[in-house]
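Next come the chains, spelled out residue by residue.
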Amino acid sequence: MHDSGIKFSKTACYPNGRLTCSAVALVVCDLPAARHLSCLAGVSSHFYCSTCDCYHKSTYGRVDFKNWTPRDRDKLRAYAEQWRDAATSAEHEALFKAHGVRYSELWRLPYWDPSRQLVIDPMHCLLEGLVPHHTRNLLGLTLKSTASASTPLTFSYNFGEVPSGTMTTKEMTQVSTIQALLLSQMIIPDEEACFNKLKDSLFHKNIGPLKYICNNLGCVLQKTGRMFKIDYVKALLEWRRGKPLTAPIEEPQFGTAEVLGRIRDIIRDASVPTWLGSVPSDFGDASAGTLKADERRSLITVYLPIALVSLWGAGTSHASDELSVRLRSVLDHTMELVCAVYLACTRTMTARRANTYRSYISGYVGKLKEIHPTFALRPNHHASFHLYDFLLLFRPTHSWCPCQNTERAKWANIFSGELENTMLCSYIKAARLHCWLTRTDCPPTIQECRALFDKVYAPKGAPDPSQELAEDPMDDIVQVPDSAMISTVPEDLYALIRRRTAVLRVSLKFDGIVYCRASTHMGNSQIFFYPNRDKSLTPVAASIKYIYGTLTGELLFAVQRHLLLDNNRTIDPFSMYPDFPAKLYLTNIQSHLEKVKVSWVVSHFVQWAVSDSHIVILSLSRD
């Protein structure tokens, strides 16, 4: 298709036909769907990575990314064609166990390369993978009604990496199972009953994995000569007797009522712009349901870090020094994930920013077993490293990362359930209706319905059509609408513009963003701006008090700056995390007004009162 193309005999715009050329640039989906589509072994197998040659589930926690080599496309193609040409199902099974590859129709494309085109994106890997795992499982930020049960480990032990090609897939799986058995807690009151149960479980494993783990642990066998399975089992039991039966120190509960309460307070009380994705006010409860990707992004980049830094950051006090150190280490570890997600979701990507992202992910994954020793690593922890490769290949993720609804619609023609078919049909009907309403030859009667559709089905956070908004301009100047009325100017605005009357507006729209005065909507009035549009200066946080028209017909903001914190008197706990753009400010703002053009604005910001005298301000710039 990308060489000779396909000739369509007739299209809507070309009645005489049209030659089209197309190619598959990339495939974006979650890890299970990617394996299904490409016919590679699933993520729960030892061939868990489609991008590099890392092998065996025991290597999930590797952080030596400089030593990873990309999977060879030619070898993968050869393995797939061997599987295709195999004569029997037994040969198919043997080849798949050896290489983790089946034949896919995508291999008919001469340029197909899974290691570069089967991409890993931040929505699936981070927002729907690492973020819920960290908030629910590691921090425990959910009530018992929604918590997932997990069997804690007694202690942590690094068994090392199993050499590739030394065992069959079944034996490799048994190695992981035996390792988990040796680390599990002995919860039966009778100690001998515990070891008898462990003995029975080990005895059902093959002798090869048992022998390998005995050698790996340096177990001393009780006899010489020919060895049987029971000899290796006894050696492993003796090794296990020298380890603690239960976890010596109970993990502190991070998801306490205080932490959940603080998150909910910030969700309820923080001033945010209308376009920012919301998080349920009852977050952590079963009634909140499952968060969507956009809600998780708001949670991990806004609400959660503000809550944890305000509770556990520098300058906070706790019951003991040990608890203070423990909570600070958990906070620092969490902030590495926060900063990584923040960088991955920005709308400008550079090599430096991608390297910083990988540095945070390396620190997060590398310290996971140290900070949370009883929790196991997952395939997404490894996959998050490879997001770096695709950030360099395709740059900002918003240009190639799909929205969830579109993805569900794409897969509806494969998994043809009733729900999926309904979604797909509704999606197509809506697209056709939208196209029809925008056509110039649409009947006037139908055109009148468009206003009703816009009012009823407008996206969340969109301005009310009944409100008068200054028209979104094509250049950097917003003009006063012709229908605008002149009003009397308040005294503080008069001191700035030296006119007794002017056009005063409630809000305006610029580059698709709605800005309001503070008395109308506090969240939409909070802005960062460059003074005189000088980008060499640090952006200034301010609040819009008035939106007024000049004598030349241009709409400007009259703003009040937020007062900076005196760092010599007060510790700013957010300053410890330079890639998280939050700072403490004083609650007071400047009394005098200053002029700001709308083109000087950088972004909105989130504001939350930490105390009566201090607020935290978080920039929402995604550039």
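The following paragraphs examine the structure supplied in this document. (Residues numbered from 1 in each chain as written. Predicted model: local features only at pLDDT ≥ 70, side-chain atom pairs only at ≥ 80, totals over all residues. Heavy atoms only, no water.)

### As for unusual backbone geometry
A positive phi angle is found at His56, which is not glycine, with a value near 85°. Of note, His56 is situated in the loop between α1 (31-38) and α2 (73-85). Assessed through its relative accessible area of 0%, His56 is described here as buried. (Helix = DSSP H or I, 4+ residues; strand = E, 2+ residues; numbered from the N terminus. Buried < 20%, exposed > 50% of the residue type's maximum accessible area, 1.4 Å probe, protein only.)

### Here we look at the side chain of Ser525
With respect to the secondary-structure elements, Ser525 resides in helix α20 (residues 522-525). Residue classification places Ser525 among the buried positions, given a relative accessible area of 0%. In this structure the side chain of Ser525 is engaged in a polar contact, spanning 2.7 Å, whose partner is the backbone oxygen of Met522. When near neighbours in sequence (up to four residues on either side) are disregarded, Ser525 contacts Cys516, Arg517, Ala518, Ala542, Ser543 and Ile544. (Polar contact = N/O pair within 3.5 Å; in protein donor to acceptor, adjacent residues only side chain to side chain. Contact = heavy atoms within 4.5 Å.)

### Brief notes about the environment of Ser176
Here Ser176 shows up in helix α6 (residues 169-183). In this structure the C-alpha to C-alpha distance between Ser176 and Ile213, which are 37 residues apart in sequence, comes to 9.9 Å.

### Regarding helix α8 (residues 207-217)
All of the buried residues in α8 are Pro209, Leu210, Tyr212, Ile213, Cys214 and Leu217. Packing partners of the buried residues in α8 comprise α6, α7 (191-203) and α9 (229-241). Just past α8, the residue Gly218 takes up positive phi, approximately 70°.

### Concerning a nonpolar patch on the surface
Residues Leu433, Trp436 and Phe453 make up a contiguous nonpolar surface patch of roughly 250 Å² in combined accessible area. By the secondary structure assignment, Trp436 is in helix α17 (residues 418-438). Relative accessible area serves as the criterion here: at 38%, Trp436 is assigned to the partly exposed category. (Patch = residues over 30% accessible without salt bridge, like charges linked within 9 Å, V, L, I, M, F, W, Y side chains within 5 Å. Areas by Shrake-Rupley, 256 points an atom, 1.4 Å probe, with all protein chains shown as cover. Salt bridge = Lys/Arg side-chain N within 4 Å of Asp/Glu carboxyl O.)

### Details of the packing of α8 against α9
Interaxial distance between α8 and α9 falls to 9 Å at its minimum, and their mutual angle equals 40°. Overall, the two elements α8 and α9 adopt an arrangement that is oblique. Judged by the twist between their axes, the crossing of α8 over α9 is left-handed. Of the residues in α9, those touching α8 at Ile207, Leu210, Lys211, Ile213, Cys214 and Leu217 are Lys229, Tyr232, Val233, Ala235, Leu236 and Trp239. Of the residues belonging to the contact of α8 with α9, the class tally is 10 nonpolar, no polar and two charged. (Axes fitted to C-alpha atoms, helices over the stretch in contact; angles between N-to-C directions. Parallel < 35°, antiparallel > 145°, perpendicular 65-115°, else oblique. Left-handed = near helix turned anticlockwise from the far one by under 90°. Nonpolar A, V, L, I, M, F, W, Y, C, P; charged D, E, K, R; others polar.)

### Quick word on helix α5 (residues 122-138)
For α5, spanning 17 residues, the distance from its first C-alpha to its last is only 20 Å, which falls clearly below the expected 24 Å at 1.5 Å a residue. For α5, the tally of buried residues reaches 15 of 17 residues, placing the bulk of the element in the interior. In this structure Asp121 caps α5, since a side-chain oxygen of it lies 3.1 Å from the backbone nitrogen of Met123. Once α5 finishes, Gly140 follows within two positions and takes phi at roughly 70°, a positive value. (Expected span 1.5 Å × (residues − 1).)

### A closer look at the pattern of salt bridges
Proximity of charged atoms lets side chains of opposite charge pair with each other. Scanning the model with the defined rule gives 13 salt bridges in all. The partner of Arg268 in a salt bridge is Asp265, with the nearest N and O atoms 3.2 Å apart. Of this pair, Arg268 and Asp265 are both found in helix α10 (residues 257-269), three residues apart, which corresponds to roughly one turn of the helix. Under the relative-accessibility criterion, Arg268 is labelled exposed at 53%. Several salt bridges converge on common partners, so that one network encompasses Asp265, Arg268 and Asp269.

### Concerning the pairing of strand β8 (residues 513-516)
Of the strand pairs in this sheet, strand β7 (residues 507-510) and β8 are connected by four bridges, and their pairing is antiparallel. In the sheet register, Lys509 faces β8, and the bridge partner there is Val514. Remark: two residues form the turn of the hairpin made by β7 and β8, two consecutive strands paired antiparallel; Asp511 in that turn has positive phi of roughly 55°. (Pairing = 2+ DSSP bridges.)

### Re the nonpolar core
With 85 residues, the main nonpolar core has Ile263, Phe283, Tyr303, Trp312, Tyr357 and Phe580 as its most contacted residues. Phe283 has contacts with Leu141, Leu260, Ile263, Arg264, Ile267, Ala288, Leu291 and Leu299, leaving out every residue within four places of it along the chain. (Core = buried A, V, L, I, M, F, W, Y, C linked by side-chain atoms within 4.5 Å.)

### Some details on the packing of aromatic side chains
Scanning all chains against the criterion turns up eight aromatic pairs. Their ring planes at 80° and their centres at 4.9 Å tell us that Tyr48 and Tyr60 sit as a pair that is edge-to-face. Here the residue Tyr48 occupies a position in the loop between α1 and α2, and Tyr60 occupies one in the loop between α1 and α2, the gap between them amounting to 12 residues. Looking at Tyr48, the relative accessible area reads 2%, which means it is buried. Judged by its relative accessible area of 8%, Tyr60 falls in the buried class. (Phe/Tyr/Trp six-rings, centres within 6.5 Å; stacked < 30°, edge-to-face > 60°.)

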